[in-house]
Amino acid sequence: MLHPDALRLHFGDAVAGATTPLDAANRLCHACVTLLEVDGASISLMHEGSTRGTFGSSSPVSRRLDEFQFTYGEGPCLDAVRDGGPVLVADLDDPAEQRWPAFREAVLGAGVCAIFALPVAVAFAHVGALDLYNNRAGRLTDQALAGAVYAAELAALPLLDLMTAHVDWEGIAQGEDPWGQLTSLERVEVYQATGMIMAALDATPAEALARLRGLAYARGLTASEVAWAIVERRVSIVPDGSLEENL
């Protein structure tokens, strides 16, 4: 493991050539894997207690872990943002670890044994989290944790660039929500599928989203995977709220 000063230098070099904020976030996640000796990394964008999208990842598995947190409404990134501090779990299979039962089961099923989440702050507000994982149990070394803290600080820069590049300042002056400008990161398919469930079952938005998450949990999928199946009409919603394959 490199000295903390060397880690800072290498992290800076990793994102220096990025062409877009999202490219910088992806580069940072890949650098975490290499420099911190972890198996995966992702950056989750949060708002009002829920994940709004995956802002950078090192692999499809990393992105899927973020999807699990959205699907089940629980997980270390949500806690890190809510509490404003790191959430470090060295062994998810430890019987004493009882947090996030649905998320924990799904993540262990994906072969992930340890997970570490650090809040990402922009202008003193925690708006996201850096999520690191390992396929083996074990704590982060002190040097790796120090590097992860710096990586979480660095993650704020491309996120801030993305937010300010898309913000409609006139709209904000009129009281509009600037987070609405980040639609490229939102799970559009989930909103589309939720609308279809509302129409099919005469449900409220909250009920429809709960149905979608329940279907995902029952099938061992993410909410986005079920949503795409509904939107693409590979499955239909039947009156009891279950899904029927369209063969």
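Conventions and cut-offs
Residues numbered from 1 in each chain as written. Predicted model: local features only at pLDDT ≥ 70, side-chain atom pairs only at ≥ 80, totals over all residues. Heavy atoms only, no water. Buried < 20%, exposed > 50% of the residue type's maximum accessible area, 1.4 Å probe, protein only. Helix = DSSP H or I, 4+ residues; strand = E, 2+ residues; numbered from the N terminus. Pairing = 2+ DSSP bridges. Phe/Tyr/Trp six-rings, centres within 6.5 Å; stacked < 30°, edge-to-face > 60°. Lys NZ or Arg CZ within 6 Å of the ring centre and 35° of its normal. Contact = heavy atoms within 4.5 Å. pLDDT = per-residue confidence, 0-100. Expected span 1.5 Å × (residues − 1). Arc of directions from axis to C-beta. Polar contact = N/O pair within 3.5 Å; in protein donor to acceptor, adjacent residues only side chain to side chain.

Participant: Quick one: what's the story with the pairing of strand β5 (residues 125-134), residue by residue and with numbers?
Facilitator: Within β5, eight of the 10 residues are buried, which leaves the element mostly enclosed by the surrounding structure. Strand direction decides the pairing type here: strand β4 (residues 114-122) and β5, joined by nine bridges, are antiparallel. Note that in β5 the partner of Val 120 across the bridge is Gly 128.

Participant: Describe helix α4 (residues 76-83), naming the residues involved and giving the relevant values.
Facilitator: Burial of α4 is extensive: six of the eight residues sit out of reach of the surface. At the exit of α4 stands Gly 84, carrying a positive phi of roughly 75 degrees.

Participant: Account for the packing of aromatic side chains, naming residues and giving values.
Facilitator: With the rule as written, the count across this model stands at three aromatic pairs. Ring geometry for Phe 11 versus Tyr 150: centroids 6.2 Å apart, planes at 50 degrees, classification tilted. Here Tyr 150 lies in helix α6 (residues 142-166) and Phe 11 lies in helix α1 (residues 4-16), a separation of 139 residues in the sequence. Per residue, the accessibility class of Phe 11 equals that of Tyr 150, and both read buried. A centroid spacing of 6.0 Å and a plane angle of 10 degrees characterise the contact between Phe 68 and Tyr 72, whose relative ring orientation is stacked. With Phe 68 and Tyr 72 both in helix α3 (residues 60-72), this residue pair falls four residues apart, about one helical turn. Tyr 72 carries the same exposure label as Phe 68, and that label is buried. One residue, Arg 213, lies across the ring of Phe 70, its end atom 4.9 Å from the ring centre.

Participant: Provide a residue-level description of the environment of Ile 197, including the pertinent values.
Facilitator: Here Ile 197 lies in helix α8 (residues 188-201). Residues Ile 197 and Ala 208, 11 residues apart in the sequence, show an inter-C-alpha distance of 5.7 Å. Not counting residues up to four positions away in its chain, the partners in contact with Ile 197 are Asp 202, Ala 208, Arg 211, Leu 212, Ile 230 and Ile 237.

Participant: Explain the confidence of the model for the chain to me, using residue names and the numbers behind them.
Facilitator: Detailed reading of the predicted coordinates is not advisable wherever pLDDT is low. Per-chain confidence: the chain averages 82 in pLDDT, with 82% of residues scoring 70 or above. Per-element confidence in the chain is highest for strand β3 (residues 87-89), whose mean pLDDT is 97, and lowest for helix α7 (residues 169-173), whose mean pLDDT is 39. Considering only residues more than four positions removed or in separate chains, one finds that residues 166-185, a stretch of pLDDT under 50, has 27 contacts.

Participant: An account of α8 is requested, with residue identities and associated values reported.
Facilitator: In a regular helix each residue adds 1.5 Å, so 14 residues correspond to 20 Å; α8 covers 20 Å between its end C-alpha atoms and thus fits that length. Restricting attention to buried positions, one finds in α8 the residues Glu 189, Val 190, Ala 193, Thr 194, Ile 197 and Leu 201. Seen along its axis, α8 keeps its buried residues to an arc of 135 degrees; they face one direction. Those residues of α8 that are buried lie in contact with α3, α9 (205-219), α10 (223-231) and β6 (235-237). Just downstream of α8 lies Asp 202, where phi reads positive at about 55 degrees.

Participant: Help me get a handle on the environment of Gln 69, residues and values and all.
Facilitator: Turning to its location among the elements, Gln 69 is positioned in helix α3. The class for Gln 69 is buried, based on a relative accessible area of 1%. Once the C-alpha coordinates of Gln 69 and Phe 103 are considered, the two residues, 34 residues apart in sequence, prove to be 6.5 Å apart. Reaching out from Gln 69, the side chain makes a polar contact with the backbone nitrogen of Cys 77 at a distance of 3.0 Å.

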